[in-house]
Amino acid sequence: MLQTIPDQLAISLPVVADFQGTLSRGVTQDLGLSRLSFVTDTPSPVGTSLSVLFHFGRNVAYMPLAGRVTAVTEDADVSPAQFRIDIELPSLGEAERRVLESAFQELAAYLD
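Here we summarise the structure given alongside this text. (Residues numbered from 1 in each chain as written. Predicted model: local features only at pLDDT ≥ 70, side-chain atom pairs only at ≥ 80, totals over all residues. Heavy atoms only, no water.)

Comments concerning the overall build of the protein
We count it as follows: Only runs of H or I of at least four residues qualify as helices and only runs of E of at least two qualify as strands under DSSP, and these elements are numbered from the N terminus. Each residue is assigned to one of three classes by its accessible area relative to the maximum for its type, calculated with a 1.4 Å probe on protein chains only: buried under 20%, partly exposed between the two thresholds, exposed over 50%. A contact between two residues is defined here by any heavy atoms of the two lying within 4.5 Å. Here the accessible surface of atoms and residues is derived via Shrake-Rupley with a 1.4 Å probe, and residues count as covered only by protein chains that are part of the display.
Within the protein, the secondary structure is distributed over one helix and seven strands. Listed by position from the N terminus, the elements making up the protein come as β-β-β-β-β-β-β-α. Out of the 112 residues belonging to the protein, those deemed buried represent 34%. The contacts of the protein with a sequence gap of at least 6 include a subset with a gap of at least 24, amounting to 51%. When the accessible surface of the protein is summed, it comes to about 7,000 Å², and 53% of that surface belongs to carbon and sulfur atoms.

Concerning unusual backbone geometry
One non-glycine residue, Q20, lies in positive phi territory at about 50°. If you trace the backbone, Q20 turns up in the loop between β2 (14–19) and β3 (22–32). Accessibility expressed as a relative area gives 60% for Q20, which makes it exposed.

Some remarks on the pairing of β2
Spelled out, the test is: For two strands to pair, DSSP has to find at least two bridges joining them.
Pairing analysis gives six bridges linking β2 to β3, with the strands arranged antiparallel. Bridge pairing in β3 links D18 to L23. Here β2 folds back onto β3 in antiparallel fashion, the turn holding two residues, of which Q20 has a positive phi close to 50°.

A short note on the nonpolar core
Note the following rule: As used here, the term nonpolar core means buried Ala, Val, Leu, Ile, Met, Phe, Trp, Tyr and Cys residues forming a set that is joined through side-chain atoms within 4.5 Å.
Residues F19, L31, F38, L50, I85 and I87 are the most contacted members of the largest nonpolar core, which totals 24 residues. Within the residue set of this core, elements represented by two or more residues are β2, β4 (35–40), β5 (49–56), β6 (59–75), β7 (82–88) and α1 (94–111). Ranked by residues supplied to this core, first place goes to α1 with four residues. Non-local contacts of I85, meaning those with residues more than four positions away in its chain, are made with F19, L36, S37, F38, T40, T42, P43, S44, V69, A71 and V72.

Examining the pattern of salt bridges
To keep it simple, the criterion reads: Basic side-chain nitrogens of Lys or Arg form a salt bridge, by our definition, when they fall within 4 Å of a carboxyl oxygen of Asp or Glu.
The tally for this structure, following the rule as stated, stands at three salt bridges. Measuring nitrogen to oxygen at the nearest pair gives 2.8 Å for the salt bridge that ties R84 to D86. When its relative accessible area of 19% is taken as the criterion, D86 is described as buried. Two residues, E94 and R98, come together in a salt bridge whose shortest N-O distance is 3.1 Å. In this pair, E94 and R98 are both assigned in helix α1, four residues apart and thus about one turn of the helix distant. One salt-bridge network, in which partners are shared between bridges, spans D30, R84 and D86.

Side note on the environment of S49
For S49, the location among the structural elements is in strand β5. Between the alpha carbons of S49 and F19 there is a distance of 6.5 Å; along the sequence they are 30 residues apart.

Comments concerning the side chain of S24
The criterion, for reference: In protein, a polar contact requires one atom able to donate a hydrogen and another able to accept it; more generally it is a pair of N or O atoms within 3.5 Å, and residues adjacent in sequence count only if both atoms are side-chain atoms.
Checked against the element boundaries, S24 lands in strand β3. You can call S24 buried: its relative accessible area is 2%. For S24, the side chain forms a polar contact with the side chain of T40, separated by 2.6 Å. Apart from the residues lying within four places of it in its own chain, the contact partners of S24 are V15, V16, A17, F19, T40 and T42.

Okay, here's the thing in structure tokens:
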């Protein structure tokens, strides 16, 4: 039986992003196989390369996803300042894609 894999999930998951040596914690807003966005209190310049780890309490998903910041939007209505960071994930390796697809299927089933 074939299952449809969603392209994008609107889900809040804790993440830790490494912006070339500067660590930032945040929470995802959207998560996809080719892009993700998260909210954090640390802005980053557009074009910055980074690595993202998913964080579940004491457990970290040790499959860092490399990406590049494509947009940064400040939420002016929140204090202290919060920033939405949009990230493009370049082509994933086959193993990474399969793990993400499997995780998406599980998350989609959980959210239904």
